[in-house]
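Okay, here's what each chain looks like letter by letter:
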Amino acid sequence: MNSNTVTLREIKSGKKCTVEDLLSKGKARNRLLDLGFVKNSIIEVLQKSPSGDPVAYFVKGCVIALRSEDAENILVKEI
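Here the structure is a predicted model, which means the values were calculated and not measured.

Calculation rules
Residues numbered from 1 in each chain as written. Predicted model: local features only at pLDDT ≥ 70, side-chain atom pairs only at ≥ 80, totals over all residues. Heavy atoms only, no water. Helix = DSSP H or I, 4+ residues; strand = E, 2+ residues; numbered from the N terminus. Rg over C-alpha atoms; globule rule 2.2 N^0.38 Å. Buried < 20%, exposed > 50% of the residue type's maximum accessible area, 1.4 Å probe, protein only. Contact = heavy atoms within 4.5 Å. Areas by Shrake-Rupley, 256 points an atom, 1.4 Å probe, with all protein chains shown as cover. Core = buried A, V, L, I, M, F, W, Y, C linked by side-chain atoms within 4.5 Å. Pairing = 2+ DSSP bridges.

Check the secondary structure of the protein chain and you find two helices and six strands. Starting at the N terminus, the α and β elements of the protein chain follow one another as β-β-α-β-β-β-α-β. Here the C-alpha radius of gyration of the protein chain, 11 Å, is about what a compact globule of 79 residues would show, namely 12 Å. The dimensions of the protein chain, computed from C-alpha atoms along their principal axes, are 30 × 30 × 20 Å. Counting across all 79 residues of the protein chain, residues that qualify as buried make up 34%. Relative to all contacts within the protein chain whose residues are 6 or more apart in sequence, the contacts with residues 24 or more apart total 59%. Element-wise, carbon and sulfur atoms account for 50% of the exposed surface of the protein chain, whose accessible area totals about 4900 Å².

In structure tokens:
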């Protein structure tokens, strides 16, 4: 993992990042790819739910809510 690469879970609300890689395997990986979490996609972190989980992300024109355990498997670079 590159020193500029962090998990999506670590990006603060209001920030943007690009997808570098997915750590998930199998069906979980395919689900994330289908939702638009592909290499070089731009993601904007919108807001956390009141309990802190899930978090809303803006990806490829859609708002997607992900649990922190899924966001932990997406490696990104902040822009």
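The next thing to look at is the nonpolar core. Core analysis: the biggest nonpolar cluster contains 17 residues, and Leu8, Phe37, Ile43, Tyr57, Leu66 and Ile74 have the highest contact counts within it. Aside from chain neighbours lying at most four places away, what touches Leu8 is Cys17, Phe37, Ile43, Val45, Tyr57, Leu66, Ala71, Ile74 and Val76.

As paired strands, strand S4 (residues 55-59) and strand S5 (residues 62-66) are joined by five bridges and run antiparallel to one another. The residue of S5 that forms the bridge with Val59 is Cys62. Hairpin connection between S4 and S5: a loop of two residues separates the two successive antiparallel strands, and Lys60 in this loop has a positive phi of roughly 50°.

With that out of the way, let us pick up the side chain of Asp70. On the secondary structure map, Asp70 appears in helix H2 (residues 68-71). Leave out the neighbours within four places in its chain, and Asp70 touches Arg31 and Leu32.

To continue, consider the environment of Lys15. Among the structural elements, Lys15 can be located in the loop between strand S1 (5-7) and strand S2 (16-22). C-alpha of Lys15 to C-alpha of Pro54: the two residues are 39 residues apart in sequence and 16 Å apart in space. If we ignore the near neighbours within four places in the chain, the residues touching Lys15 are Ile43, Glu44, Val45 and Glu78.

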